[in-house]
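# Overview (structure and organization)
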Amino acid sequence: MTEIDYATLSEGIEGVVLMDEPMSRHTMYKIGGPADLFVVPADRRSLTAILQRCTEGNIPVYIVGGGANLLVHDEGVRGVVVNLGGLKRAEWRDDAGRLSLHVEAGAVLAPLVAEAERRGWSGLESLAGIPGSVGGALVMNAGTKAGSIADVVREIEVMTLDGRETKTISREEAGYGYRRSVLCDVAVIAAVLDMKQGIPEEVKAATNVVRGYRKGQPVGVPCAGSVFKNPPGDFAGRLVEAAGLKGQRLGGAMISEQHGNFIVNTGNATAWDVLGLISRIQQKVLENTGIELELEIKII
Ligand code: EPU
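Residues numbered from 1 in each chain as written. Predicted model: local features only at pLDDT ≥ 70, side-chain atom pairs only at ≥ 80, totals over all residues. Heavy atoms only, no water.

### Here we look at the overall build of the chain
Per the secondary structure count, the chain includes seven helices and 17 strands. At 20 Å, the chain has a C-alpha radius of gyration in line with the 19 Å of a compact globule built from 300 residues. Once the C-alpha set of the chain is aligned to its principal axes, its extents read approximately 60 × 55 × 30 Å. A burial count over the chain gives 49% of its 300 residues as buried. Contacts in the chain between residues at least 24 apart in sequence constitute 64% of all its contacts with a sequence separation of at least 6. Of the roughly 14,000 Å² that the chain leaves accessible, carbon and sulfur atoms contribute 51%. (Helix = DSSP H or I, 4+ residues; strand = E, 2+ residues; numbered from the N terminus. Rg over C-alpha atoms; globule rule 2.2 N^0.38 Å. Buried < 20%, exposed > 50% of the residue type's maximum accessible area, 1.4 Å probe, protein only. Contact = heavy atoms within 4.5 Å. Areas by Shrake-Rupley, 256 points an atom, 1.4 Å probe, with all protein chains shown as cover.)

### Some points on the side chain of S148
Mapping S148 onto the fold places it in strand β10 (residues 147-148). We classify S148 as buried; its relative accessible area is 13%. A polar side-chain atom of S148 sits 2.9 Å from a polar atom in the side chain of N141. Not counting residues up to four positions away in its chain, the partners in contact with S148 are S126, L127, N141, A142 and G143. (Polar contact = N/O pair within 3.5 Å; in protein donor to acceptor, adjacent residues only side chain to side chain.)

### Overview of the pattern of salt bridges
Counted by the stated rule, this structure contains 15 salt bridges. In this structure, D234 and R238 form a salt bridge, with 2.8 Å as the shortest nitrogen-oxygen distance. You can call D234 buried: its relative accessible area is 16%. Residue R238 is classed as partly exposed on the basis of its relative accessible area of 44%. (Salt bridge = Lys/Arg side-chain N within 4 Å of Asp/Glu carboxyl O.)

### Brief notes about the site of the ligand
Near the ligand lie 22 residues; those nearest to it are Y178, N230, E241, G260 and E296. One of the side-chain nitrogen or oxygen atoms of Y178 is found 2.7 Å away from an oxygen atom of the ligand. In this structure, an oxygen atom belonging to the ligand sits 2.8 Å away from a side-chain N or O atom of K246. Summarising the interface, the protein chains cover 78% of the accessible area of the ligand, which totals 820 Å² for the free molecule. Going through the elements one at a time, β9 (143-144) and α6 (236-242) are the ones with two or more residues in the shell around the ligand. (Near = heavy atom within 4 Å.)

### Focus on the packing of helix α3 (residues 109-119) against helix α5 (residues 200-212)
Where α3 meets α5, the axes come as close as 8 Å, and the angle between the chain directions of the two elements is 150°. For the element pair α3 / α5, the angle class is roughly antiparallel. Contact residues: α3 offers V113, A116 and E117, while α5 offers V203, K204, T207, N208 and R211. When grouped by side-chain class, the residues that make up the contact of α3 with α5 number three nonpolar, two polar and three charged. (Axes fitted to C-alpha atoms, helices over the stretch in contact; angles between N-to-C directions. Parallel < 35°, antiparallel > 145°, perpendicular 65-115°, else oblique. Nonpolar A, V, L, I, M, F, W, Y, C, P; charged D, E, K, R; others polar.)

### Quick word on the packing of aromatic side chains
This model, assessed by the stated rule, comprises one aromatic pair. For the pair W92 and W121, a centre-to-centre distance of 5.6 Å together with 70° between the ring planes defines the contact as edge-to-face. Taken together, the residues W92 in strand β6 (residues 90-95) and W121 in strand β8 (residues 121-122) connect sequence positions 29 residues apart. Per residue, the accessibility class of W92 equals that of W121, and both read buried. (Phe/Tyr/Trp six-rings, centres within 6.5 Å; stacked < 30°, edge-to-face > 60°.)

### Here we look at the sheet that holds strand β5 (residues 77-83)
Taken together, the four strands give an open sheet; going across it, the order is β1-β2-β5-β3, and neighbouring strands pair in mixed fashion. Strands at the two margins of the open sheet, each flanked by one partner only, are β1 (15-22) and β3 (61-64). The mean inter-strand angle of the sheet, taken between neighbouring strand axes irrespective of direction, is 25°. Alignment of β3 against β5, held across four bridges, turns out to be parallel. Bridged to Y62 within β5 is V81. (Pairing = 2+ DSSP bridges.)

### Details of the pairing of strand β12 (residues 166-170)
Where strand β11 (residues 153-160) lies against β12, five bridges are found, and the strand directions are antiparallel. Following the sheet pairing, M159 is matched in β12 by T166. Linkage of β11 to β12, two consecutive antiparallel strands, is achieved through a turn of five residues, within which G163 is found at a positive phi near 75°.

Here is the structure:
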């Protein structure tokens with residue numbers, strides 16, 4: 001295979017451009033080897049350019065968000081990782097009483113939830129406490145037991161992965177279900193979320209109730225939220241607990257003592273440590289119950 005000339009590939013791209021960049025710096029797990037090229041395009045023109053060049057050069061490209069739900073292999077990523085954190089504009093609109101939030105994919109969710117609370121605008125309460133970016137949340141339909149982002153999506157702007165086309169799709173076209181959408185093979189670049197005028201105290205109270213759901217989940221340790229989706233009618237965390245696996249360790253990774261559906265990095269975990277615990281859980285739960293736990297986290 002001919003060597004890829006990443007310096008030429010990234011010429012004229014505005015934003016952050018880093019070669020051999022450890023992905024451990026860009027995932028909440030703090031795990032992951034180097035990406036050959038890591039790009040945070042400053043604008044859509046640069047995003048389009050890098051996607052088109054990768055397509056022309058037949059170079060693999062991976063779109064990532066805030067890294068909140070992402071496990072990257074220790075060997076790193078051959079190809080280009082594009083982080084959409086540079087596209088982060090957010091506009092709160094009141095069109096003759098029809099309220100909406102026009103937001104780009106790289107915007108971080110938590111400050112938006114706080115701003116909605118400040119304005120007394122209702123719509124984002126169920127997303128309180130969720131780490132990561134709007135784009136990641138839109139792709140995986142992030143949420144809590146109070147609801148998920150799909151509940152407020154009006155439309156989504158996506159770009160094809162070859163960077164040649166952008167289009168706007170409706171919520172229906174996004175194929176939303178529990179932690180699921182059909183947005184996996186496009187770059188989600190922006191969305192319009194429907195908001196409602198609420199009573200500020202009520203919005204604040206509802207947001208705080210949802211924030212409280214995170215009690216009982218590990219905080220302050222590197223992790224990627226829930227590892228598995230809940231299977232129909234049950235909870236992954238309960239199944240892991242029933243299997244007696246809480247607290248088990250492999251290398252630097254540990255199944256949280258607090259919540260069975262969290263695997264935490266106790267300091268020096270490798271991706272293989274986490275993957276080992278994932279398969280240990282999947283095997284044991286399958287043996288015990290016949291349930292195949294499906295991953296919620298993404299692995300590259
Ligand atoms: N449970 C156990 N043992 C455990 C953990 C949980 O028995 O070790 C039981 C709890 O007692 C409870 C049930 O399982 O009866 C559900 O647990 P919890 O309320 O903690 O919620 P969850 O279903 O595990 C979901 C989301 C979380 C979200 C919470 C709160 C999924 C996969 N996870 O967790 O989202 O914060 O609800 O609404 O749907 C995420 O997706 O990354 C995430 C953190």
